[in-house]
Amino acid sequence: ELGYFTYDPGFMSTASCRSDITFIDGEKGILMYRGYPIEQLAEHSTYLETCYLLLYGELPTATELETFTRIIQKHSMPHQAIRRFYDGFRHDAHPMAIMVGVFGALSAFFHDSTDVHNPHHREIAAHRMISKMPTIAAWSYKYAIGQPFLYPDNELGYSENFLRMMFGVPTERYEPNPIFAKALDLILILHADHEQNASTSTVRLSGSSEANPFAAVSAGIASLWGPLHGGANEKVVRMLEDIVESGQKVEHFVDRAKDKDDPFRLMGFGHRVYKNYDPRAKIIRKMCHELLRQMGAENQPMFEVAMELERIAMEDDYFKERKLYPNVDFYSGLILRAMGIPLNMFTAIFALARIVGWNAHWCEMMQDPESRIGRPRQLYTGAAPRDYVPIEKR
Ligand code: SDX
């Protein structure tokens, strides 16, 4: 018996840690943040309220949410200092490369929130990373396209502010499309945390050596970038574009995904834990269809191919036997594409969402008096003991 759930001893021996933050049941397709079902948070909450819940364990009162929002809305960064830092990158650098670099160096800007044993420092570091991430992400994009940085507008909501810093220009007033802000806030809620996924486990392992939180999160951003993890939503759209450009039938690509000799996989399908439908995919699928309908984009070739791929894969025995369903990235990639978000910013938006999950887990680990440095062990399968051979005898 561990809290609300009971685990079989076999599973307990594989668990890397204990956590109160997020619960996943892969067989039943259940996802809960601090006990609240993701479906209810998606319908009633906002990303900032979800951030408060993940960090503090309870839904905030109106006063608590107002205070938290005012803290997080301090999105601006020391422009000159950051600008000089960015100038070290090539303009064609991938925004995720820039974000890994900037986060790795943030401790140089924020000396008063790097003492990992000081709960107040930990809270400030978490607030700063949630607060500065939209700015760092948007400025990484602006730097990559050679456009001027736009300062945040603290009157706007979290998602609107990010869209304005991404797409706005100093010479014109930017009016975010309300459905875009709503769709982005939903994407951020659904991607905010997901238990011990690769990037969160990376943050925990890096942070367990008492590295500063900014460096630990930088390692998490690097892990998320991989195409099998957070980079999947970018790969989903590239895959759909390739299918459209090939002029070949969708069935041809489904057959390739089943061919063991072909490395091609259907991006956006399958999940290590959900061996049933990803509950986030069910939620975001509705928003995806609503957005495409509102934009009159349903008949665009790429979206038509996506819907046909979804239908064929869901009926195919190979996929059904392996319980390979569309995951959250299959639909988030379509939504971000429909919103005109550039492909190389898709994973940056996943990082924008997951910044709170990484910090919640890092804080949970560092406040645990029994927390120790992570040290995974291995099964040695190398050579038996042998003596050194001088080079002239090799
Ligand atoms: C995320 O961990 C998290 O929580 C991650 C995440 C989060 O919120 O943090 O949910 C976010 O990363 C979602 C996943 C995004 N990645 C993709 O969409 C990439 C495509 N998916 C696959 O690469 C794969 O499904 C994984 C990596 C997601 C899961 O891999 P698993 O569980 O290790 O599955 P597997 O490699 O053991 O595959 C089992 C079988 C194999 O066939 P057999 O050897 O049994 O015959 O299913 C096949 C695989 O070949 N398979 C696929 C497939 N995924 C698995 N075949 C075709 N296309 C696919 N996408």
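Because the structure is predicted, anything quoted here is derived from the model rather than measured.

Overview of the overall build of the protein chain
Next, step 1: Across its full length, the protein chain carries 18 helices and three strands.
Next, step 2: Here the C-alpha radius of gyration of the protein chain, 22 Å, is about what a compact globule of 394 residues would show, namely 21 Å.
Next, step 3: Seen through its C-alpha atoms, the protein chain measures out along the principal axes to roughly 65 × 60 × 55 Å.
Next, step 4: For the protein chain, the residues scored as buried account for 50% of the 394 residues in total.
Next, step 5: For the protein chain, long-range pairs separated by at least 24 residues make up 74% of all intrachain contacts whose partners lie at least 6 apart in sequence.
Next, step 6: On the protein chain, roughly 19600 Å² of surface is accessible, and the fraction owed to carbon and sulfur atoms is 51%.
Next, step 7: Charged side chains of the protein chain number 42 positive and 50 negative; the gap between the two group centres comes to 5 Å.

Looking at the pattern of salt bridges
Next, step 1: Inspection of the entire model under this criterion finds 16 salt bridges.
Next, step 2: Residues Arg280 and Asp278 are paired through a salt bridge, measuring 2.9 Å at the closest nitrogen-oxygen approach. The same class applies to Arg280 and to Asp278, which are both buried.
Next, step 3: The partner of Arg311 in a salt bridge is Glu315, and the shortest N-O contact between them spans 3.6 Å. Of this pair, Arg311 and Glu315 both sit in helix 15 (residues 301-315), four residues apart, which is roughly one turn of that helix.
Next, step 4: Connected through salt bridges with shared partners, the residues Asp255, Lys258 and Asp316 form a single ionic network.

Structural notes on the site of the ligand
Next, step 1: Taken together, 24 residues lie near the ligand, and His194, His271, Arg272, Arg280 and Arg354 sit nearest.
Next, step 2: Residue His271 places a side-chain N or O atom 2.5 Å away from an oxygen atom belonging to the ligand.
Next, step 3: One nitrogen or oxygen atom from the side chain of Arg280 is found 2.7 Å from an oxygen atom belonging to the ligand.
Next, step 4: Compared with its free state, where it exposes 1100 Å², the ligand has 79% of that area covered by protein.
Next, step 5: Among the residues making up the shell around the ligand, the classes are represented as nine nonpolar, seven polar and eight charged.

Considerations on the nonpolar core
Next, step 1: Counting 123 residues, the largest nonpolar core has Leu266, Leu309 and Leu334 as the members making the most contacts within it.
Next, step 2: A total of 15 residues in this core trace back to one element, the largest contributor, which is helix 18 (residues 346-366).
Next, step 3: Filtering out sequence-adjacent residues up to four positions away, Leu266 remains in contact with Met239, Phe253, Val254, Ala257, Leu309, Ala313 and Phe319.

Comments concerning the UniProt feature "active site" (unreviewed entry) in the protein chain
Next, step 1: When the UniProt feature table is mapped onto this chain numbering, "active site" (unreviewed entry) sits at His271 and Asp329. For the residues just named, distributed over 59 residues, the greatest C-alpha separation is only 10.3 Å, placing them together at one site.
Next, step 2: With respect to the helices and strands, the residue His271 is situated in the loop between helix 13 (250-258) and helix 14 (279-294).
Next, step 3: In contact with His271, other than residues within four places in its own chain, are His194, Asp278 and Arg280.

Brief notes about a nonpolar patch on the surface
Next, step 1: Nonpolar side chains collect at one region of the surface, where Tyr7, Phe11 and Met12 lie side by side and expose about 280 Å² of accessible area between them.
Next, step 2: Relative to the helices and strands, Met12 is located in helix 1 (residues 9-14).

Some points on the packing of aromatic side chains
Next, step 1: Evaluated as defined, the whole model comprises 15 aromatic pairs.
Next, step 2: With a centroid separation of 4.6 Å and an interplanar angle of 40°, the aromatic rings of Tyr52 and Tyr56 are classed as tilted. With a gap of four residues between them, Tyr52 and Tyr56 both fall in helix 3 (residues 47-56), about one helical turn apart.
Next, step 3: By the ring-pair criterion, three or more aromatic residues cluster together here, those being Tyr86, Trp139, Tyr143, Phe149 and Tyr151.
Next, step 4: Note that Arg322 overlies the ring of Tyr318, its terminal NZ or CZ placed 3.7 Å from the centroid.

Topic: the side chain of Ser199
Next, step 1: Here Ser199 lies in helix 10 (residues 198-207).
Next, step 2: A distance of 3.0 Å separates a polar atom in the side chain of Ser199 from a polar atom in the side chain of His229.
Next, step 3: Discounting residues that sit within four places of it in the chain, Ser199 has contacts with Gly220, Ser223, Leu224, His229, Arg354 and Trp358.

Observations regarding unusual backbone geometry
Next, step 1: Positioned with a positive phi, Arg34 is a non-glycine residue whose angle comes to about 50°.
Next, step 2: With a phi angle near 65°, Glu195 is a residue other than glycine that sits in the positive phi range.

Cut-off values and rules
Residues numbered from 1 in each chain as written. Predicted model: local features only at pLDDT ≥ 70, side-chain atom pairs only at ≥ 80, totals over all residues. Heavy atoms only, no water. Helix = DSSP H or I, 4+ residues; strand = E, 2+ residues; numbered from the N terminus. Rg over C-alpha atoms; globule rule 2.2 N^0.38 Å. Buried < 20%, exposed > 50% of the residue type's maximum accessible area, 1.4 Å probe, protein only. Contact = heavy atoms within 4.5 Å. Areas by Shrake-Rupley, 256 points an atom, 1.4 Å probe, with all protein chains shown as cover. Lys, Arg positive; Asp, Glu negative; His and termini not counted. Charge placed at Lys NZ, Arg CZ, Asp CG, Glu CD. Salt bridge = Lys/Arg side-chain N within 4 Å of Asp/Glu carboxyl O. Near = heavy atom within 4 Å. Polar contact = N/O pair within 3.5 Å; in protein donor to acceptor, adjacent residues only side chain to side chain. Nonpolar A, V, L, I, M, F, W, Y, C, P; charged D, E, K, R; others polar. Core = buried A, V, L, I, M, F, W, Y, C linked by side-chain atoms within 4.5 Å. UniProt positions renumbered as here; feature names shortened; annotations may be inferred. Patch = residues over 30% accessible without salt bridge, like charges linked within 9 Å, V, L, I, M, F, W, Y side chains within 5 Å. Phe/Tyr/Trp six-rings, centres within 6.5 Å; stacked < 30°, edge-to-face > 60°. Lys NZ or Arg CZ within 6 Å of the ring centre and 35° of its normal.

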